[in-house]
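# Secondary and tertiary structure notes
Chain by chain, the residues:
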Amino acid sequence: MYIASQAFFHWLFENIRYDESVFENFMIQGVFCWRVKSRNKKRRNLMNTIMTIIVLIAFALLLYVFHRLNVKHIKFSTRVFSALGVGIVFGALLQLIFGTQNDVVTQSMPWINIVGDGYVALLQMLVMPLVFISIVSAFTKLKVTTNLKKIAFSVLGTLLGTTAIAALIGYGSTILFGLQGATFTQGAAESERIAELATRQETVSSLSLPEQIVSFIPKNVFADFAGTRATSTIGVVIFAAFIGVAYLGVKRKAEKEAAFFADLVESLYKIIMRIVTLVLRLTPYGVMALMTRVVATSDFDAILNLGKFVAASYVALIAVLIVHSIILIGNKVSPINYFKKAFPVLSFAFTSRSSAGALPLNIETQTKALGVDDTTANFAGSFGLSIGQNGCAGVYPAMLATIVAPTAGIDVFSPSFFLMLIAIVTISSFGVAGVGGGATFASLIVLGAMNLPVAIVGLVISVEPLIDMARTLVNVSGSMVAGVTTSNVIHELDRDRLTDPEFVVES
C-alpha cells in the first residue's frame, strides 16, 4: 500500500511539472488575448467617441441651417414642419446605422436632449404665468359684463360637449378595430412604466369623486404656481377667475384703481407674451431635437406590435376633427378656411406636443385670424389647457378603458358600461395638465373610477409620443372651436376678418 501511494504521488508530481509549461503557455496566450481585447476595446471606444463627435457636429450644422432659415424670414410653419421632417430623417439614419442601443446613440442623445428637453422645460416655465395672465386679462378686456356668464357657459359647454363626443368616438374606434380585450407585449420599459403608474394610481384612487372636485380648489396658490399638484393648472385658473371677478367689483366702485390695475395687467401681459415670442423662436430647434430622439431611440418592433392601436387612435382623432368641422358649419364658418388659418398653431401643437406652449399662438390666431373677440379667445385658450381636452382627456382614456374592460369581465357592449364611460370621461376631463402627462392623468382617473387595471397605460408607452402629437393638435383645435362658437353666440365674431385671407398668423 505504501509503495503504491508513493508511486502515485511521484506520477502526480511529474505530471504537474510537465503541465507547468503548458500552464505558462496558456497564461501567456491569455495575457496576449486580454491585451488584444483591451486594445480592441480601446479602439472601439475611440471610434465610438469619434462617431459621437461626428453625429453632434452634424446635429449642430442642422441647427445652423434652421438659424439661417430664420434669418431669411422663412415662414414659421414651414420651418417647424421642415424641422419635423429633418428630425425624423436624422433619427432614422442614426437608428439604421448604429441601432437603438449602440454607444454612439446613447452617448450623443444626452447632448441632443439639451436642445429638446431644454425647449420643453422653457414651455413648462411659461404654463402658469400664461394661464394666469390670460384669464385675468380676459376680465380686464371684457367690454360688456353681462356677456361674462354667456362666455363662460358657452366655452365650458363646448369643451365638455366635444369631449363627450370624443369619448364616444374613441369607444367606437376601439370596437371598430376589434381592440376590446387586446393584449400587448410587455418589455423592460413597459414594466418600469407600470411600476411608476402603480404609485400614481394609489394617489388618484385614494380620492373619491367629490374629493377630486374639491382638489381643484387652490389651497395654496403659490404651490399651484409651482405646479406641485396634478390639478395645479385648474387651481391657477380658478384663482385668476377670482381676481377677475374682484376686478369687476372694484371697477364699479373705484374706476381709478381699477384702471391702474388694468394697465398693470396689460403691461404684464405684453411682457409675458414677449417672453413667449423668444421661446417660440426656438421651436424648430426643439422640434428637430425631440423628433431625432423619438425616432433614433424608438423600438420599431414594439411600434409594429401596437400598430393597430396607433391606427385606431388616429382614425378616432381625425373623426373628432370632422366633428369640429360640423360644429363650425353650424356656426356658418367654413372648415376649409378655419383649418387654413389655424394651420400654423395646429402644426406647432402637433410637433411640440404642448397645448400650453401653443397657448400664445392659439389666442393670437383666434383674435387676429379667426375674428374671435379678445375676452372669448383668452377664456377658450386658457380653459382649454385644463378642461375638456378632446384628445388627451376624451379619446385616449375612452379607448384604454374599452380595451382593458373585457379583461376585467365587463361587457363593453352593455349600455351601463357605455353610459358610465362617457360620463366619467367627461367629468374627469377637468384639471388635465397642458404640458405632458395630461393623458396619463386622465386615464388613471377614468380607469380608477371604473375599477379597471391601469397596466394598459404602461403597455402603450412605446407609441405614446407618436399618438400624443395628434392628441395635442386635437386639444388645441377643440379650444379654438370653442372660441369661435362662443364668439358667434355672443355676436362678437368678426366675420370680415375671418373670411379675409390676409389675416393670418405666422409666428
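An account of the accompanying structure is given in this report. Quantities reported herein were computed from a predicted structural model and do not represent experimental measurements. (Residues numbered from 1 in each chain as written. Predicted model: local features only at pLDDT ≥ 70, side-chain atom pairs only at ≥ 80, totals over all residues. Heavy atoms only, no water.)

## Notes on the overall build of the chain
- Helix and strand content of the chain: 21 helices and zero strands.
- Looking at the chain residue by residue over its 507 residues, the buried ones come to 49%.
- Within the chain, counting contacts between residues at least 6 apart in sequence, those at least 24 apart form 84% of the total. (Helix = DSSP H or I, 4+ residues; strand = E, 2+ residues; numbered from the N terminus. Buried < 20%, exposed > 50% of the residue type's maximum accessible area, 1.4 Å probe, protein only. Contact = heavy atoms within 4.5 Å.)

## Side note on unusual backbone geometry
- Positioned with a positive phi, Asn451 is a non-glycine residue whose angle comes to about 55°.
- Examined against the element boundaries, Asn451 turns out to sit in the loop between α18 (438-449) and α19 (455-459).
- Residue His491 is not a glycine yet carries a positive backbone phi of 60°.
- Examined against the element boundaries, His491 turns out to sit in the loop between α20 (464-489) and α21 (495-499).

## What to know about the environment of Thr106
- Positionally, Thr106 belongs in helix α3 (residues 103-140).
- Separated by 54 residues in the primary sequence, Thr106 and Thr52 have C-alpha atoms spaced 9.1 Å apart.
- If sequence neighbours within four positions are ignored, Thr106 has contacts with Thr100 and Gln101.
- A polar contact is formed between the side chain of Thr106 and the backbone oxygen of Asp103, at a distance of 3.0 Å. (Polar contact = N/O pair within 3.5 Å; in protein donor to acceptor, adjacent residues only side chain to side chain.)

## Details of the pattern of salt bridges
- On inspection of all chains with the given rule, the structure shows four salt bridges.
- Close ionic contact of Lys368 with Glu364 constitutes a salt bridge, the shortest N to O distance being 3.2 Å. Residue Lys368 and its partner Glu364 are both found in helix α14 (residues 359-368); the two are separated by four residues, about one turn of the helix.
- Lys368 sits in the partly exposed class, given a relative accessible area of 44%.
- Between Arg497 and Asp494 there is a salt bridge whose closest N-O contact spans 3.9 Å.
- The exposure class of Arg497 is partly exposed, given its relative accessible area of 25%.
- Residue classification places Asp494 among the partly exposed residues on the basis of a relative accessible area of 33%. (Salt bridge = Lys/Arg side-chain N within 4 Å of Asp/Glu carboxyl O.)

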